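One letter stands for each residue in the lines below.
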Amino acid sequence: MLKEFNWKNIIKIYLTFWLGLLGGGLIDYFKGFSKPSVPIPLPIPDYGLFLKIIEVNFTFAIILFLLGISKVIQRIVILVLSFVIGEIVFTSGFIIGLIGILPHGILELLGFCFIAYAGENFRYRNKVIKLLFIGFIMLVIAAFIESSLTIYILEHILSK
């Protein structure tokens with residue numbers, strides 16, 4: 001089922017996300033905005049947080065899908081937004097930011113990649129439906145991980 005996708009393009013999109021996130025984090029670090037000793041308030045894991053994460057991620061996913069009309073514009077938006085998100089996420093320190101992204105970010109970004117790739121291949125209807133299904137399932141799983149596991153990991157690390 002997954003053999004029919006162009007994995008090279010999906011990996012390029014995935015690397016664009018990580019390049020932006022880590023680039024934003026590094027720029028934030030070298031600009032001196034990161035203050036690892038400053039505690040950040042964490043939301044309480046609950047059902048509302050899960051739904052809010054799904055709402056935000058699905059909105060971004062739809063935008064990525066629609067921007068698939070122009071691959072260049074889509075990649076620029078991915079790079080710029082992930083760069084800004086990287087600067088925000090890494091304000092408490094690079095390692096803490098990375099720990100906050102990794103539990104759910106691997107699946108979340110891969111889900112976004114499938115949806116972005118679906119937007120680029122909109123003319124192939126069967127392929128698009130499979131890509132969207134896989135992408136949205138990954139986003140739901142990532143939202144669950146982010147709203148529960150990631151919060152607990154960060155609470156444990158920041159409480160030390």
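Basis of the calculations
- In every chain, residue numbers begin from 1 and rise along the written sequence.
- Whole-chain, interface and lining totals are the exception, using all residues; otherwise, since this is a predicted model, local features are given only for residues with pLDDT of at least 70 and side-chain atom pairs are given and counted only at 80 or more.
- Where side-chain values are given, they derive from all heavy atoms of the structure, hydrogens and water being excluded.
- Numbering of helices and strands runs from the N terminus; a helix is a DSSP stretch of H or I covering at least four residues, while a strand is a stretch of E covering at least two.
- One fewer than the residue count of a helix, multiplied by 1.5 Å, yields its expected span.
- When a residue's accessible area, from a 1.4 Å probe over protein chains only, is under 20% of the maximum for its type it is buried; when over 50% it is exposed; and in between it is partly exposed.
- Within this analysis, the arc is defined by the directions that extend from the helix axis to the C-beta atoms.
- Only heavy atoms matter for contacts: two residues are in contact if any of them lie within 4.5 Å across the pair.
- Patch membership needs two things, relative accessible area over 30% and no salt bridge, and members are linked within 9 Å if like-charged or within 5 Å if nonpolar (Val, Leu, Ile, Met, Phe, Trp, Tyr).
- In short, Shrake-Rupley with a 1.4 Å probe defines the accessible areas, and a residue's cover is counted only from the protein chains shown.
- By definition, a salt bridge exists where a carboxyl oxygen of Asp or Glu is found within 4 Å of a side-chain nitrogen of Lys or Arg.
- His residues and chain termini do not enter the charge count, which takes Lys and Arg as positive and Asp and Glu as negative.
- Charge coordinates come from a single atom per side chain, which is NZ of Lys, CZ of Arg, CG of Asp or CD of Glu.
- Each axis is a line fitted through C-alpha atoms, and for a helix only the stretch in contact is used; angles between axes span 0 to 180 degrees, taken between their N-to-C directions.
- Angle categories are assigned with fixed cut-offs, so that under 35 degrees is roughly parallel, over 145 is roughly antiparallel, 65 to 115 is roughly perpendicular, and the rest are oblique.
- With the far helix as reference, a near helix turned anticlockwise by less than a right angle produces a left-handed crossing, and one turned clockwise produces a right-handed crossing.
- Residues are grouped as follows: nonpolar covers Ala, Val, Leu, Ile, Met, Phe, Trp, Tyr, Cys and Pro; charged covers Asp, Glu, Lys and Arg; every other residue, Gly included, is treated as polar.
- UniProt positions are given in the numbering used here, feature names are shortened, and annotations may be inferred rather than shown by experiment.
- The definition of a nonpolar core used throughout is a set of buried Ala, Val, Leu, Ile, Met, Phe, Trp, Tyr and Cys residues joined through side-chain atoms within 4.5 Å.
- Planes of paired rings set the category: under 30 degrees apart is stacked, over 60 is edge-to-face and the rest tilted, where pairs are Phe, Tyr or Trp rings (Trp by its six-membered ring) whose centres lie within 6.5 Å.
- In this scheme, the bend at a residue equals the angle between the axes fitted to the seven residues that finish there and the seven that begin there.
- Pairing of N or O atoms within 3.5 Å defines a polar contact, subject to two protein rules: one partner must be a possible hydrogen donor and the other a possible acceptor, and residues neighboring in sequence count only if both atoms are side-chain atoms.

## Describing helix H2 (residues 47-66)
1) Next: Over its 20 residues, H2 extends 29 Å from the first C-alpha to the last, a length consistent with the 28 Å expected when each residue adds 1.5 Å.
2) Next: Residues of H2 that are buried: Leu 49, Phe 50, Ile 53, Ile 54, Asn 57, Phe 60, Ala 61, Leu 64 and Phe 65. One face of H2 carries all of its buried residues, which in axial projection span an arc of 140°.
3) Next: At its buried positions, H2 is contacted by helix H1 (7-31), helix H3 (71-89), helix H4 (94-120) and helix H5 (125-158).

## As for a positive patch on the surface
1) Next: A contiguous patch of positive charge, built from Lys 8, Lys 12, Lys 71 and Arg 123, is present on the exposed surface.
2) Next: You can see Lys 71 is positioned in helix H3.

## Examining the pattern of salt bridges
1) Next: Enumeration over the complete set of coordinates arrives at two salt bridges.
2) Next: Residue Lys 52 pairs with Glu 55 through a salt bridge whose shortest N-O separation is 3.7 Å. Of the two residues, Lys 52 and Glu 55 are both situated in helix H2; the distance of three residues between them amounts to about one turn of the helix.

## Examining the packing of H3 against H4
1) Next: Two numbers describe how H3 lies on H4: the axes approach to 13 Å, and their chain directions differ by 165°. Classified by the interaxial angle, the pair formed by H3 and H4 is roughly antiparallel. In this structure, H3 meets H4 at a crossing whose hand is right-handed. In contact with Lys 71, Gln 74, Arg 75, Ile 78 and Val 89 of H3, H4 contributes Gly 97, Ile 101, Ala 116 and Glu 120.
2) Next: Partitioning the contact of H3 with H4 into residue classes produces four nonpolar, two polar and three charged.

## Let's talk about the UniProt feature "transmembrane region" (unreviewed entry) in the protein chain
1) Next: Mapped onto the present numbering, the UniProt feature "transmembrane region" (unreviewed entry) falls at residues 12-30, 50-69, 76-95, 101-119 and 131-154.
2) Next: Between the first and last C-alpha atoms of residues 12-30 the distance is 26 Å; the span itself is 100% helix and 0% strand.
3) Next: For residues 101-119, the end-to-end C-alpha separation is 25 Å, with 100% helix and 0% strand making up the annotated structure.

## What about the nonpolar core?
1) Next: In this structure, Phe 5, Ile 13, Phe 17, Leu 64, Leu 109, Phe 112 and Phe 114 are the most contacted members of the largest nonpolar core, which totals 28 residues.
2) Next: Looking at this core element by element, the count peaks at nine residues for H4.
3) Next: Not counting the four nearest positions on each side in its chain, Phe 17 is found in contact with Phe 60, Leu 64, Ile 78, Ser 82, Leu 109, Phe 112 and Cys 113.
4) Next: Counting six residues, the second largest nonpolar core, distinct from the first, contains Ile 53, Ile 54, Ala 143 and Ile 151.

## Overview of the packing of aromatic side chains
1) Next: Under the definition given, this model contains eight aromatic pairs.
2) Next: On the basis of an interplanar angle of 90° and a centroid distance of 5.6 Å, the ring pair of Trp 7 and Phe 114 is categorised as edge-to-face. In this pair, Trp 7 sits in helix H1 while Phe 114 sits in helix H4, placing the two residues 107 residues apart along the sequence.
3) Next: Relative to Phe 60, the ring of Phe 17 lies with its centre 6.4 Å away and its plane at 75°, an arrangement referred to as edge-to-face.

## Quick notes on H5
1) Next: Taking 1.5 Å as the rise per residue, H5 with 34 residues should run 50 Å; its terminal C-alpha atoms sit 46 Å apart, in good agreement.
2) Next: Remark: the principal bend of H5, roughly 40°, maps to Glu 146.

## Remarks on the side chain of Asn 121
1) Next: Along the polypeptide, Asn 121 turns up in the loop between H4 and H5.
2) Next: Within the structure, Asn 121 has its side chain in polar contact with the backbone oxygen of Tyr 117 (distance 2.8 Å).

## A closer look at the environment of Gly 68
1) Next: Within the secondary structure, Gly 68 sits in the loop between H2 and H3.
2) Next: Residue Gly 68 is classed as buried on the basis of its relative accessible area of 6%.
3) Next: Between the C-alpha atom of Gly 68 and that of Ala 116, which follows or precedes it by 48 residues, the distance is 6.1 Å.
4) Next: Not counting residues up to four positions away in its chain, the partners in contact with Gly 68 are Gln 74, Gly 119 and Glu 120.

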